[in-house]
Amino acid sequence: MIHRCLLLVAMTGCASYSSRLDATPLPPGAGELGVGLDVLLVERGRDYIPLPVPDFTYRRGVRPGVDVGGKAHLTGAQAGVRFAIARRDRLAVAWAADLALGYEPITNNTTDLVYARALPRLVGELRGRGGGPTWIAAVAPSLTFTGPATMFRGIAGAARFIARPGAALGARWPLDRGRSLWLEVTAQPAYAFGDGWLRSAYQGGAAVTF
Amino acid sequence: MRDHAGAAHVSAVGARDLYQARIDRQRREAVLLAIPVDQPHEARSASSAEVTGAASSASISTAMRSGGSSPHQTGKLAMTLGPIDASLVAPFTDPEVFARVCWPRMQAAAGTWVLLAPFALACSIEPNYTNPDGPRCYGDHAAGEPELGDVLRAVSYNLEFGREVETAIAALETEPLAGADVILMQEMEGDGVDAIAAALGLRYVYYPASVKHGRDWGNAVLSPWPMRDYRKVLLPWADPYTNSRRIAVTATLEIGGVDLAVYSTHTATPSLGLGARLDQIEAILDDAGDSAPVAIGGDLNTADPGSGGQVRELFGDRGFDWASDGATDTGSAFGSDATLDYVFTRGLTPRRSGTFAGDSGSDHQPIWVELEPPP
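So, a few notes on the structure that sits alongside this text. Treat the numbers as computed from the prediction; the structure is a model and nothing was measured. (Residues numbered from 1 in each chain as written. Chains lettered and ligands numbered in written order. Predicted model: local features only at pLDDT ≥ 70, side-chain atom pairs only at ≥ 80, totals over all residues.)

Of the regular secondary structure elements, chain A holds one helix and 10 strands. Starting at the N terminus and ending at the C terminus, chain A contains elements arranged as α-β-β-β-β-β-β-β-β-β-β. Here chain A has a C-alpha radius of gyration of 17 Å; the compact-globule value for 210 residues is 17 Å, and the two agree. If you take every contact in chain A between residues at least 6 apart in sequence, the share linking residues at least 24 apart comes to 57%. (Helix = DSSP H or I, 4+ residues; strand = E, 2+ residues; numbered from the N terminus. Rg over C-alpha atoms; globule rule 2.2 N^0.38 Å. Contact = placed C-beta atoms within 7 Å.)

What follows is the structure, encoded as structure tokens:
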């Protein structure tokens, strides 16, 4: 049974849609590791099923107001850069752009297995007072190119572009010794060019960064 | 079409000259362009038999074997990814160092991935028989019509590349499979189907879906009852690794004066998303329409958790009974027993069912279903 469950996880769209970014890039030279566990609610067959999505993140500040980083999950990874745009009192806004590559079905209804996704994100934060949580909202659309493995052999009839006008809400609680606890939920509607709207994916979970 | 003296016929329907010309053209294009052919690679048995008209059983087998090779047989490419550069995970302590050292290495690694991925992901592309009319094999080894008993027995049997035909014949001559009124077979070659039909005195229709490992690979319906209106139903979606397409073979059996529509199918493995596999089943259900009585059976590849339930629900929504509910653990999937094979019926009353316990010569066990005869 465990083999079949592993198969299910491996074959059923383990794409990770979590954003887990606030609007404050790390200072130059500072690094931050993160370990998260999310639940991905994704269409499978004619129903929704929940899937566990463990992921690991790493970011590092490269210059004032700019950091780079990435995320790795079961069969995919993404990397990108984040720029601070504006800051006023407790409010801050940042722009992030990531590129994700993966080898997994991301719609579960089609033969797509390989994907490349561009994720421009606009992140806003409201910093908490006196050790309170920082509230985060992100507009996180993405454009994904996806296709079957056979496209590398010249057969790409099932390849397509999928636009996801996604959004995320989250919070970050400061813990001791520089660690933070993150909670986030995201909704990812999906529109496949040529096929129309697909059923949305939802993801929510927690992470610790240090 | 049918020789009641017992000789077997092989026929490709439609304009055979045009069909052959199209295949020849695709072969030439495949050679010129060195691309996979997503069409029937050749009407091997059909074209051979068409030339001679009616053919004997022996000539069918000979024709099937001597038909030549696939125009596009590809070997599997094996490769290994190189070690990941440790500097990719090294701290980016200095923007200048990052720009001068890390970034070029990241670009090189990404380029390597992009260049090597095609080889890592490459699998043999399997030519498909996408012509809805054929090729087709039909044979008649029945000696008249059987007597209608008090029970109608249906069998579904995936014979794993049709390798152990003699074992299959022995199994089909053993209770509770013996004397089946309809046998739905999957993963078969034409000559294997003909051998089974000849040994058991049955009529049959067979359509290959694609070519695997250089051999035809398709479904068949076998029955002692008169058979007509046989067709191939092309199912949607292609395998993401091999581009192989799936089909259902349907025929109408005249059983005791009642028409029974039957479908023998083999839907995709979990390498295709469950939604797409359900689309394949819906294509069969749409083809069946509201007809009754009807029986749909075969290997539905419900190896992944939850897929069996959704398949049964889909059939139930269309008014079908899971006639083979007593036939479980019909195969093995990823280290554990799994129910992969099914028979669903509408307009028939299931009595009992089970899984054949003897040697099947396959990675599947055949399943049997007893039904009330059609009213």
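Along chain B, the regular secondary structure elements total eight helices and 16 strands. A separation threshold of at least 6 residues defines the contact pool for chain B, and within that pool the share at least 24 residues apart is 73%.

In this structure, Val193, Val205, Ala220, Val221, Leu222 and Val262 of chain B are the most contacted members of the largest nonpolar core, which totals 79 residues. No other element matches helix H7 (residues 274-288) of chain B, which puts seven residues into this core. Residues contacting valine 193 of chain B, with those up to four places away along its chain left out, are Cys137, Met185, Met188, Tyr204, Tyr206, Ala220 and Leu222 of chain B. Ranked by size, the runner-up nonpolar core spans 15 residues in total, among them Ala15, Tyr115, Ile162 and Ala190 of chain A. (Core = buried A, V, L, I, M, F, W, Y, C linked by C-beta atoms within 7 Å. Buried ≥ 20, exposed ≤ 12 C-beta atoms within 10 Å, placed from the backbone.)

Residue and element names in this part refer to chain A. Strand order in the closed barrel formed by 10 strands is E1-E2-E3-E4-E5-E6-E7-E8-E9-E10, with antiparallel pairing between adjacent strands. Ignoring strand direction, the axes of neighbouring strands in this sheet form an average angle of 20°. In terms of strand pairing, strand E6 (residues 114-126) meets strand E7 (residues 134-147) through 10 bridges, oriented antiparallel. Across the sheet, residue glutamate 125 finds its bridge partner in E7, namely isoleucine 136. (Pairing = 2+ DSSP bridges. Axes fitted to C-alpha atoms, helices over the stretch in contact; angles between N-to-C directions.)

Let us now look at helix H6 (residues 190-200) of chain B. Of all 11 residues making up H6 of chain B, nine are buried, and the element is well covered by its neighbours. Residues Gly190, Asp191, Gly192, Val193, Asp194, Ala195, Ile196, Ala197 and Leu200 of chain B constitute the buried set of H6 of chain B.

This part is about the pairing of strand E2 (residues 47-63) of chain A. Residues and elements named next belong to chain A. With 14 bridges connecting them, strand E1 (residues 31-44) and E2 associate as antiparallel partners. Bridging from a neighbouring strand, glutamate 43 pairs with tyrosine 48 of E2. Taking the residues between adjacent antiparallel strands as the criterion, E1 and E2 are bridged by two residues, where glycine 45 takes a positive phi near 65°. Relative to strand E3 (residues 66-73), E2 runs antiparallel, the two being bridged by seven bridges. Paired with glycine 61 across the bridge in E3 is aspartate 67. Linking two consecutive strands that pair antiparallel, namely E2 and E3, is a turn of two residues; a positive phi of about 80° is found at glycine 65 within it.

Residues and elements named next belong to chain B. Of all the residues in helix H8 (residues 307-317), the buried ones are Ser307, Val311 and Phe315. Along the axis of H8, the buried residues cluster in a sector spanning 70°; they form a single face. When the buried face of H8 is taken as reference, the exposed residues oriented beyond 90 degrees from it are Gly309, Gly316 and Asp317. In this fold, the buried residues of H8 make contact with H7, strand E11 (321-322) and strand E14 (341-346). (Arc of directions from axis to C-beta.)

Residues and elements named next belong to chain B. Across the junction of glycine 134 and proline 135, the peptide omega takes the value 5°, indicating a cis bond. Along the chain, proline 135 turns up in the loop between helix H4 (95-121) and strand E2 (137-140). Note that the residue after glutamate 175, namely proline 176, is joined by a cis bond; omega there is 5°. Along the chain, proline 176 turns up in the loop between helix H5 (165-172) and strand E4 (182-188).

Residues and elements named next belong to chain B. Taken together, six strands build an open sheet; the order of strands is E7-E8-E9-E10-E14-E11 and the sheet is mixed. Each having just a single partner strand, strand E7 (227-238) and E11 make up the two edges of the open sheet. Across seven bridges, the pairing between E7 and strand E8 (residues 245-255) is antiparallel. Looking at the pairing, leucine 234 lines up with isoleucine 247 of E8. Docked against the sheet, H7 engages E7, E8, strand E9 (258-266) and strand E10 (294-299), running at close to 155° with respect to E7.

This part is about the environment of valine 66 of chain A. All names here are of chain A. Considering the arrangement of structural elements, one finds valine 66 in strand E3. When the 16 C-beta atoms within 10 Å are taken as the criterion, valine 66 is described as partly exposed. A sequence separation of 41 residues divides valine 66 from proline 25, and the C-alpha atoms of the two residues are 5.6 Å apart. For valine 66, the residues in contact, after removing those within four places along its chain, are Pro25, Val81 and Phe83.

For phenylalanine 193 of chain A, the location among the structural elements is in the loop between strand E9 (180-192) and strand E10 (196-209). C-alpha separation for the pair phenylalanine 193 of chain A and glycine 154 of chain A, spaced 39 residues apart in sequence, amounts to 20 Å.

Turning next to the packing of H5 of chain B against H6 of chain B. Residue and element names in this part refer to chain B. Remark: H5 packs on H6, axes separated minimally by 10 Å, with the N-to-C direction vectors making an angle of 35°. Taken as a pair, H5 and H6 cross one another with a handedness that is right-handed. Seen from H5, the contacting residues are Val165, Ala168, Ile169 and Leu172; seen from H6, they are Gly192, Ala195, Ile196, Ala199 and Leu200. Its residues assigned to classes, the contact of H5 with H6 shows eight nonpolar, one polar and no charged. (Left-handed = near helix turned anticlockwise from the far one by under 90°. Nonpolar A, V, L, I, M, F, W, Y, C, P; charged D, E, K, R; others polar.)

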